[in-house]
Amino acid sequence: MMATLFHKVICYELPIYYPSDAEKQDPVLFAENVRQNMLSYCGNQGVPNLIPCDSTLDNKLEYHKLSKETIAEHSGKFRKSIKNE
(Lines give C-alpha, C1' and ligand atoms only; values in the text may rest on other atoms or scores of the structure.)
Protein backbone atom coordinates (compact mmCIF):
# COMPACT_ATOMS: atom_id res chain seq x y z
CA MET A 1 0.00 0.00 0.00
CA MET A 2 1.30 3.42 -0.87
CA ALA A 3 1.03 6.21 1.65
CA THR A 4 2.24 9.74 2.00
CA LEU A 5 4.05 10.20 5.27
CA PHE A 6 3.70 13.96 5.25
CA HIS A 7 2.27 16.78 3.21
CA LYS A 8 3.92 20.13 2.65
CA VAL A 9 1.63 23.04 3.47
CA ILE A 10 2.22 26.73 2.87
CA CYS A 11 -0.08 29.15 4.66
CA TYR A 12 -0.42 32.80 3.78
CA GLU A 13 -1.86 35.39 6.12
CA LEU A 14 -3.76 37.84 3.98
CA PRO A 15 -4.88 41.30 5.00
CA ILE A 16 -8.43 41.62 6.29
CA TYR A 17 -10.93 41.91 3.46
CA TYR A 18 -13.57 44.53 4.15
CA PRO A 19 -16.80 44.17 2.17
CA SER A 20 -18.14 46.99 0.04
CA ASP A 21 -21.72 48.20 0.48
CA ALA A 22 -22.80 46.02 -2.44
CA GLU A 23 -21.08 42.98 -0.88
CA LYS A 24 -22.81 43.66 2.44
CA GLN A 25 -26.13 43.32 0.63
CA ASP A 26 -25.14 40.27 -1.41
CA PRO A 27 -23.27 37.47 0.43
CA VAL A 28 -22.70 35.54 -2.82
CA LEU A 29 -20.95 38.56 -4.34
CA PHE A 30 -18.88 38.95 -1.17
CA ALA A 31 -17.86 35.27 -1.21
CA GLU A 32 -16.90 35.40 -4.89
CA ASN A 33 -14.82 38.56 -4.43
CA VAL A 34 -13.00 37.09 -1.41
CA ARG A 35 -12.35 33.95 -3.42
CA GLN A 36 -10.98 35.95 -6.34
CA ASN A 37 -8.82 37.97 -3.94
CA MET A 38 -7.31 34.77 -2.52
CA LEU A 39 -6.75 33.29 -5.98
CA SER A 40 -5.10 36.50 -7.13
CA TYR A 41 -2.79 36.53 -4.12
CA CYS A 42 -1.80 32.91 -4.65
CA GLY A 43 -1.13 33.56 -8.33
CA ASN A 44 1.11 36.48 -7.42
CA GLN A 45 3.06 34.18 -5.09
CA GLY A 46 3.77 31.80 -7.96
CA VAL A 47 1.56 28.97 -6.74
CA PRO A 48 1.49 26.55 -9.70
CA ASN A 49 -1.55 24.69 -11.00
CA LEU A 50 -4.10 26.48 -8.83
CA ILE A 51 -7.41 25.92 -10.59
CA PRO A 52 -10.58 27.40 -9.12
CA CYS A 53 -13.55 25.09 -8.72
CA ASP A 54 -17.24 25.94 -8.61
CA SER A 55 -18.21 22.89 -6.53
CA THR A 56 -20.40 23.43 -3.50
CA LEU A 57 -20.82 21.57 -0.25
CA ASP A 58 -23.91 19.91 -1.74
CA ASN A 59 -21.78 18.65 -4.64
CA LYS A 60 -19.24 17.23 -2.21
CA LEU A 61 -21.91 15.49 -0.11
CA GLU A 62 -23.51 13.98 -3.22
CA TYR A 63 -20.09 12.75 -4.40
CA HIS A 64 -19.45 11.03 -1.06
CA LYS A 65 -22.91 9.47 -1.07
CA LEU A 66 -22.39 8.05 -4.57
CA SER A 67 -18.89 6.85 -3.67
CA LYS A 68 -20.18 4.98 -0.61
CA GLU A 69 -22.99 3.42 -2.65
CA THR A 70 -20.57 2.32 -5.35
CA ILE A 71 -18.15 0.84 -2.83
CA ALA A 72 -20.97 -0.99 -1.06
CA GLU A 73 -22.28 -2.32 -4.37
CA HIS A 74 -18.88 -3.63 -5.46
CA SER A 75 -18.16 -4.97 -1.99
CA GLY A 76 -21.37 -7.01 -2.10
CA LYS A 77 -20.49 -8.45 -5.52
CA PHE A 78 -17.01 -9.36 -4.27
CA ARG A 79 -18.41 -11.15 -1.20
CA LYS A 80 -20.89 -13.09 -3.35
CA SER A 81 -18.12 -14.22 -5.73
CA ILE A 82 -16.00 -15.47 -2.82
CA LYS A 83 -18.93 -17.49 -1.39
CA ASN A 84 -19.54 -19.09 -4.79
CA GLU A 85 -15.95 -20.28 -5.13
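Just above, that's the structure.
Residues numbered from 1 in each chain as written. Predicted model: local features only at pLDDT ≥ 70, side-chain atom pairs only at ≥ 80, totals over all residues. Heavy atoms only, no water.

Participant: With reference to specific residues and values, describe the packing of aromatic side chains.
Facilitator: Following the criterion strictly, the structure yields two aromatic pairs and no others. Arranged with centres 5.4 Å apart and planes meeting at 70°, the rings of Tyr12 and Tyr41 form a pair that is edge-to-face. Here the residue Tyr12 occupies a position in the segment before helix H1 (21–25), and Tyr41 occupies one in helix H2 (residues 27–44), the gap between them amounting to 29 residues. A relative accessible area of 33% means that Tyr12 is categorised as partly exposed. Of the residues examined, Tyr41 reaches a relative accessible area of 26% and is grouped as partly exposed. Residues Tyr17 and Phe30 carry aromatic rings whose centres are separated by 5.8 Å and whose planes lie at 55° to one another, so their mutual orientation is tilted. Placement of Tyr17 in the segment before H1 and of Phe30 in helix H2 is noted, with a sequence separation of 13 residues between them. Take Tyr17: its relative accessible area is 27%, and that puts it in the partly exposed class. (Phe/Tyr/Trp six-rings, centres within 6.5 Å; stacked < 30°, edge-to-face > 60°. Helix = DSSP H or I, 4+ residues; strand = E, 2+ residues; numbered from the N terminus. Buried < 20%, exposed > 50% of the residue type's maximum accessible area, 1.4 Å probe, protein only.)

Participant: Residues and numbers for a nonpolar patch on the surface, please.
Facilitator: Nonpolar side chains collect at one region of the surface, where Ile10, Tyr12, Leu14 and Met38 lie side by side and expose about 340 Å² of accessible area between them. Position of Leu14 among the secondary structure elements: in the segment before H1. Relative accessible area serves as the criterion here: at 31%, Leu14 is assigned to the partly exposed category. (Patch = residues over 30% accessible without salt bridge, like charges linked within 9 Å, V, L, I, M, F, W, Y side chains within 5 Å. Areas by Shrake-Rupley, 256 points an atom, 1.4 Å probe, with all protein chains shown as cover. Salt bridge = Lys/Arg side-chain N within 4 Å of Asp/Glu carboxyl O.)

Participant: Any details on H2? Residues and values, ideally.
Facilitator: Between its terminal C-alpha atoms H2 stretches 26 Å, which fits the 26 Å expected from 18 residues at 1.5 Å a residue. Positive phi appears at Gly46, one or two residues downstream of H2, with a value of about 80°. (Expected span 1.5 Å × (residues − 1).)

Participant: Give me the pattern of salt bridges: which residues, what numbers.
Facilitator: Enumeration according to the criterion identifies two salt bridges in this entry. Its salt-bridge partner being Arg35, residue Glu32 comes within 3.3 Å of it at the nearest N-O pair. Of this pair, Glu32 and Arg35 both sit in helix H2, three residues apart, which is roughly one turn of the helix. Between Asp54 and Arg35 there is a salt bridge, and its shortest N-O distance comes to 3.5 Å. Placement of Asp54 in the loop between H2 and helix H3 (57–84) and of Arg35 in helix H2 is noted, with a sequence separation of 19 residues between them.

Shape is all these values report; function is a separate question.
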